[in-house]
Amino acid sequence: MNAMARITSEGKPEVQGETLLMMELRHAQERAELIERLTQDAYAAGLHDRAKPGTIGGALSLMEQITAKVAAEYKVLSSELRGPSAMRAFNAPRRAIWCELRERGYSFPQIGKFFGRDHSTIMHGVRQHEAKS
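Cut-offs and rules
Residues numbered from 1 in each chain as written. Predicted model: local features only at pLDDT ≥ 70, side-chain atom pairs only at ≥ 80, totals over all residues. Heavy atoms only, no water. Salt bridge = Lys/Arg side-chain N within 4 Å of Asp/Glu carboxyl O. Helix = DSSP H or I, 4+ residues; strand = E, 2+ residues; numbered from the N terminus. Buried < 20%, exposed > 50% of the residue type's maximum accessible area, 1.4 Å probe, protein only. Phe/Tyr/Trp six-rings, centres within 6.5 Å; stacked < 30°, edge-to-face > 60°. Lys NZ or Arg CZ within 6 Å of the ring centre and 35° of its normal.

Draft legend 1. Representation of the pattern of salt bridges. Overall, the coordinates contain 3 salt bridges when judged by the stated rule. A salt bridge links glutamate 100 to lysine 69; the shortest N-O distance between them is 3.1 Å. Taken together, the residues span a long stretch of sequence, with glutamate 100 in helix H4 (residues 91-103) and lysine 69 in helix H2 (residues 62-74) at a distance of 31 residues. With a shortest N-O distance of 3.5 Å, arginine 104 and glutamate 100 are connected by a salt bridge. Judged by its relative accessible area of 48%, arginine 104 is partly exposed. Several salt bridges converge on common partners, so that one network encompasses Lys69, Glu100 and Arg104.

Written out as structure tokens, the structure reads:
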């Protein structure tokens, strides 16, 4: 135990000025920021391992097929496009997928549910993609 730590009346360690819970939360945030920065650096350097070991090809829905096709064109994983990451590298492929799904008759809420996003996000992305075309 360091010099700043002391034991409270409940027998729990207390750090002067910062509780252990606060310290753990701060460390978790720092780790998350570091992981995001390392991931972005790896993409920029082209070092990200895009292999998905252990996957077995099976029947895919039309939405999954379109997502996989566009992901391959942009050299990213389908799971990355459907995931929560807000990396700019994923914007163009996501919007291309959303437009193609709209052309196939899928609704904004259906696409949003598939991508884990609100339908208004999908609407905005489709408008932006169409404006660039």
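Text resumes after the structure shown.
Draft legend 2. Representation of the packing of aromatic side chains. Under the counting rule described, the total for this entry stands at 2 aromatic pairs. Seen in terms of ring centroids, tryptophan 98 and phenylalanine 115 are 5.8 Å apart; in terms of plane orientation they differ by 85°. Their pairing is edge-to-face. Of the two residues, tryptophan 98 is situated in helix H4 and phenylalanine 115 in helix H5 (residues 108-115); the sequence distance between them amounts to 17 residues. Classification of phenylalanine 115 as buried rests on a relative accessible area of 1%. Here phenylalanine 114 and phenylalanine 115 contribute two aromatic rings whose centre-to-centre distance is 5.3 Å and whose plane-to-plane angle is 80°, an arrangement assigned as edge-to-face. Side by side, phenylalanine 114 and phenylalanine 115 carry an identical accessibility label, which is buried. Residue placement shows arginine 82 over the ring face of phenylalanine 114; its charged tip is 3.7 Å from the ring centre. One Lys or Arg, arginine 102, reaches over the ring of phenylalanine 108 and ends 3.9 Å from the middle of that ring.

Draft legend 3. Structural view of unusual backbone geometry. Despite not being glycine, lysine 75 has its phi angle at roughly 60°, a positive value. Position of lysine 75 relative to the elements: it lies in the loop between H2 and helix H3 (78-82). For lysine 75, a relative accessible area of 61% corresponds to the exposed category.

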